[in-house]
Amino acid sequence: ASGLSDNLDAWFPLVADVLLRPAFPADELAKMKSRLQVQLRQQRASPAFLAQEQFPRPVFGAHPASVVSSNETALAALGPDHLRAWHRERYVPQRAILGISGDVRAAEILPKLNRWLAGWAPAGGPETWPARPEPLARKRLVVVDRPLSVQARMLLGGLSIDRKDPDYVPLVVMNRILGGGSSARLFLNLREEKGYTYGVYSQLTALKYAGPWRAYADVRTDVVGGALTEFIREFTRMREEPVPAAELEESQRSLVAAFALSLERPDQLLGYALQRKIYGLPADYWDDYPAKVMAITATDVMRVAKRYIDLD
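Report on the accompanying structure. Every value quoted in this text rests on a predicted model; they were computed, and no experiment measured them.

Moving on: the sheet that holds strand S3 (residues 212-220). Spatially, three strands are ordered S1-S3-S2 in an open sheet, and the strand pairing comes out antiparallel. Two strands close off the open sheet at either side, each with one partner strand: strand S1 (151-159) and strand S2 (197-204). Neighbour-to-neighbour, the strand axes of this sheet turn through a mean angle of 10°, independent of strand direction. By the bridge criterion, nine bridges tie S1 to S3 in an arrangement that is antiparallel. Bridge assignment links Ala152 to a residue of S3, and that residue is Val219. Sheet strands in contact with helix H3 (residues 47-54) are S1 and S3, and its direction is about 20° off that of S1. Of the strands in this sheet, S2 and S3 are in contact with helix H8 (residues 168-179), which crosses S2 at around 175°.

Have a look at this one:
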């Protein structure tokens, strides 16, 4: 939630009431389920969604991250009692982080929070995590047949790293060079040179568990083969050829500039603070982040490309 600092006393108690005492009225749930049922049917008409749904299944296996969407059967079975049970078991203070960014002082806000959140007692058992996902042992190809489709969503990638891995910053730099924007290699090749797509990108997701690195594009159906060739060409070049100094520096400066701009937004500042807490990063992590980005070498980039863009 967000609101004005000078009337925090008026709106924060309402937020606390929603957090601690949700009602889950049956009529409201029925309306939401009706809207969600329509959304589920609509998303299944999208090639991008169908690819996004299939990609995590072989990547994550039995891990819960393999599931990216509900289905109509599960949604129809959901009732207010399910939501109340989920809230009772999961929305508990011992697993919660409260982050506040704004014109507030800890000495003034803490007594109010203790009053507004009084009675929020620990509940539920110890927090458990599923087994860590393991990288694929062999190459996999998943095809979703969608007759008469004029375009196809291509999604290539695999399991990479968790957020605390020391390879995180080198991978961020590598990803920026390869597919992290409209000046990256994949974009310049598949869009600007070949005209296969309106946009092509790559993305790194690093969480408490290893997340995926992936590259993706929507291309005309008749150029899927050519696009795949160019994806592999750029992956191979990233793995086997040192990045030229000028290209590396341009990507590093782009990352640092974007980070500096983000510091002007209170919500982003709060996000950085929460990341430090969630992932157990050092207190000076964000102070040192620009210097760490600029310290990455072409050797670092090629090393992580060889390790995580594994064509096998």
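Having seen the model, we can carry on.
On to unusual backbone geometry, then. Residues other than glycine seldom take positive phi values, yet Phe24 does so here, at roughly 50°. By the element assignment, Phe24 lies in the loop between helix H1 (8-20) and helix H2 (26-43). Its identity as a non-glycine residue notwithstanding, Leu148 has a phi of 70°, on the positive side. The topology assignment puts Leu148 in the loop between helix H7 (106-116) and S1.

About the thresholds
Residues numbered from 1 in each chain as written. Predicted model: local features only at pLDDT ≥ 70, side-chain atom pairs only at ≥ 80, totals over all residues. Heavy atoms only, no water. Pairing = 2+ DSSP bridges. Helix = DSSP H or I, 4+ residues; strand = E, 2+ residues; numbered from the N terminus. Axes fitted to C-alpha atoms, helices over the stretch in contact; angles between N-to-C directions. Contact = heavy atoms within 4.5 Å.

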